[in-house]
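The primary structure of each chain is shown beneath.
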Amino acid sequence: MDTEALRSFVRAAELGRLRHAADELGMTQQGVSKRIAALERALEVRLFTRTARGVELTLDGQAFLPHARSIVAGVERAVAAVGPGSRALRIDVLGLRSAQAVVLHDYWRSHPETDLDVVTLRVSDPRVAVAAVEAGDVDASFRTVTDPAVLPPDVRMIPAFGSPLELLVGPGHPLASARRLTPTQLRKHRIWVPGIEPGSEWAEFYDQLATDFDLRIDAAGPHFGDEVLLDTLADSADVATLVGARDRYIWPANHDLRRIPVVNPTLAYPLSLILPRTNPHPGLRRIITHLGSLPRLPEPVWLPSWATA
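Figured I'd write up the structure that's included with this text. Within any chain, residue numbers begin from 1 and follow the written order of that chain's sequence. Local features in this predicted model are restricted to residues whose pLDDT is 70 or higher, and side-chain atom pairs enter the listing and the counts only when it is 80 or higher, whereas totals over whole chains, interfaces and linings include all residues. Note that water and hydrogens are dropped before the side-chain values are worked out from all heavy atoms of the structure.

## Observations regarding helix H6 (residues 126-135)
Residues Pro 126, Ala 129, Val 130, Ala 132 and Val 133 constitute the buried set of H6. All buried residues of H6 fall inside an arc of 160 degrees around its axis, so they share one side. Turned more than 90 degrees away from the buried face of H6 sit Arg 127 and Ala 135, all of them exposed. Contacts between residues were defined by any pair of non-hydrogen atoms, one from each residue, lying within 4.5 Å. For the purposes of this entry, the term helix denotes a DSSP run of H or I that reaches at least four residues, the term strand denotes a run of E that reaches at least two, and both are numbered from the N terminus. In this structure, the buried residues of H6 make contact with strand S3 (89-92), strand S5 (140-141), strand S6 (155-169), helix H7 (201-213) and strand S11 (266-276). Among the residues trailing H6, Gly 136 stands out with phi positive, at a value near 85 degrees. To sort residues, take the accessible area from a 1.4 Å probe on protein chains only and compare it with the maximum for the residue type: under 20% means buried, over 50% means exposed, and anything in between is partly exposed. Working note: the arc is built from the helix axis to C-beta atom directions.

## With respect to the packing of aromatic side chains
What characterises a pair of aromatic rings is the spacing of the ring centres plus the angle enclosed by the ring planes. For Phe, Tyr and Trp, rings pair up if their centres lie within 6.5 Å, where Trp contributes its six-membered ring, and each pair is then called stacked (planes under 30 degrees apart), edge-to-face (over 60) or tilted (otherwise). Per the stated rule, a full pass over the model turns up seven aromatic pairs. Between Phe 142 and Phe 161 the ring centres are 6.4 Å apart and the planes differ by 65 degrees, which places this aromatic pair in the edge-to-face class. Here Phe 142 is found in the loop between S5 and S6, whereas its partner Phe 161 is found in strand S6, with 19 residues between them in sequence. An aromatic cluster of three or more residues is present, and its members are Phe 205, Tyr 206, Phe 213, Tyr 269 and Trp 302.

## So, the nonpolar core
One finds Ile 91, Phe 142, Phe 161, Leu 167, Leu 209 and Leu 291 to be the most contacted residues of the largest nonpolar core, which totals 44 residues. Looking at this core, the element that brings in the most residues is S6, giving six residues. Core analysis: the next-biggest nonpolar cluster, separate from the first, contains 18 residues, Ala 22, Leu 47, Leu 65 and Val 72 among them. Throughout, nonpolar core names a set of buried Ala, Val, Leu, Ile, Met, Phe, Trp, Tyr and Cys residues whose side chains join them through atoms within 4.5 Å.

## Some remarks on the packing of helix H5 (residues 99-110) against helix H9 (residues 283-292)
Interhelical geometry of H5 versus H9 gives an angle of 110 degrees and a closest axis separation of 11 Å. By the angle between their axes, H5 is roughly perpendicular relative to H9. Taking contact as the criterion, the partners of Val 103, Leu 104 and Tyr 107 in H5 are, on H9, Arg 286, Ile 287, His 290 and Leu 291. Looking at the contact of H5 with H9 residue by residue, the class counts come to five nonpolar, one polar and one charged. Only C-alpha atoms enter the line fits that serve as axes; for helices the fit covers just the stretch in contact. Angles between N-to-C directions range over 0 to 180 degrees. Small angles under 35 degrees read as roughly parallel and large ones over 145 as roughly antiparallel, with 65 to 115 read as roughly perpendicular and the rest as oblique. Note on residue categories: nonpolar means Ala, Val, Leu, Ile, Met, Phe, Trp, Tyr, Cys or Pro, charged means Asp, Glu, Lys or Arg, and polar means any other residue, Gly included.

## Quick look at the packing of helix H2 (residues 18-25) against helix H3 (residues 29-43)
Relative orientation of the contacting elements H2 and H3 amounts to 105 degrees, with a least axis distance of 8 Å. Our classification of the angle between H2 and H3 gives roughly perpendicular. Note on element contacts: H3 touches H2 through Gln 29, Val 32, Ser 33 and Ile 36, opposite Leu 18, Arg 19, Ala 21, Ala 22 and Leu 25. Each residue belonging to the contact of H2 with H3 can be placed in one class, and the counts come to six nonpolar, two polar and one charged.

## Side note on the pattern of salt bridges
Here a salt bridge means any side-chain nitrogen of Lys or Arg lying within 4 Å of a carboxyl oxygen belonging to Asp or Glu. Taken as a whole and judged by the stated rule, the model has 14 salt bridges. Arg 11 is the partner of Glu 14 in a salt bridge, and the nearest nitrogen-oxygen pair spans 2.0 Å. Taken together, the residues span about one helical turn, with Glu 14 and Arg 11 both in helix H1 (residues 3-15) at a distance of three residues. The salt bridge partner of Arg 143 is Asp 92, with a shortest N-O separation of 2.9 Å. Remark: Asp 92 occurs in strand S3 and Arg 143 occurs in the loop between S5 and S6; sequence separation between them is 51 residues. A single burial state applies to Arg 143 and to Asp 92, both of which are buried. Sharing partners across several salt bridges, the network here consists of Arg 11, Glu 14, Glu 24 and Arg 69.

By themselves, these observations are geometric and do not establish any function.
Printed below as a string of C-alpha cells:
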C-alpha cells in the first residue's frame, strides 16, 4: 500500500479540504485527489464524499482513518529512527582499553550529551572493518589500511592521531630504572609482543619497526590476555613489551611495573579513522574536530612509511 497515499488521505480527512492538504504536503490538489482515488480503488470502497465545504468521510472512511493514522505515524517513526543524528554514533575500536577507546571516553566526558556506542569488532584484518563501515554495521572504525588504494570508492580513511610507545618492564629488568629511553637502547633486549597476527596492521608496524631500529621483537606464543602478559613482565628480568602511552593497563601494586617513554625519536603507532565518503553520521564531525585538538607528538617522530606517504 502506498504510504504517501495514506498520508494524503489522513491530512485531507483532518483538514476537510483537498486544497489545504495539498498545500501542506507541497503538491497540487489534483495530485492529492489522484492519490486518494488510487487508494479507494485498492480498497474497493469510497473514503470521501464531496460537499460544498470540502470533503467528508464516509462510514468506510471513518473506519479506515485510525488505522491509516497508525500506519503513517509508524512510517514517520521508522524514518526518524535512521535520520541524521537520531541514533547512537557507533564506532569500532581495537579494544576497550586501547588508546582509541580512551580518547573517545575523554571526548564523551566533555560532551556527555553525545549518544555514543563504542564496539570492538574483534577482527585483525582491517579490510573486514572496512566492509563493516561500507555495510553500515558501524559508522566508523579506528583501523588503518596500509594501502589506501584498496579502499572501496564509497569509503575514505583520514589520519586520527599518533600513539607514542612506551617500554613496559618489571622491576628486575636492566632498563627498569631509566626515566626515558631511545630506540638504540632497546637493541638486544627481548621485546615480547605475543599474538601478532599475520595480515594485521600491527604486524606490518612491528615488522618495519624491528627492521628500521634493529630491534628484537618476539611474537612467539599465543596471547593469553593482558593479565598473563603483565604477570610475566613482573617476574622477568629480561622480558619487556611495548604499549601505547594512552593504553590502559591495570596491575597489582606488588608488580611494580614501569612505563618508560621512548624518545629521540618518539616511536608512534599511527591510528586512522575509516568512515563513509558520503552521508557520514553527523556526530562524526565533532569527533574528528576533537581528534585534531589532541596534543602533538614530541619531535622528532618515527612513523612507518605507509603512515608518512
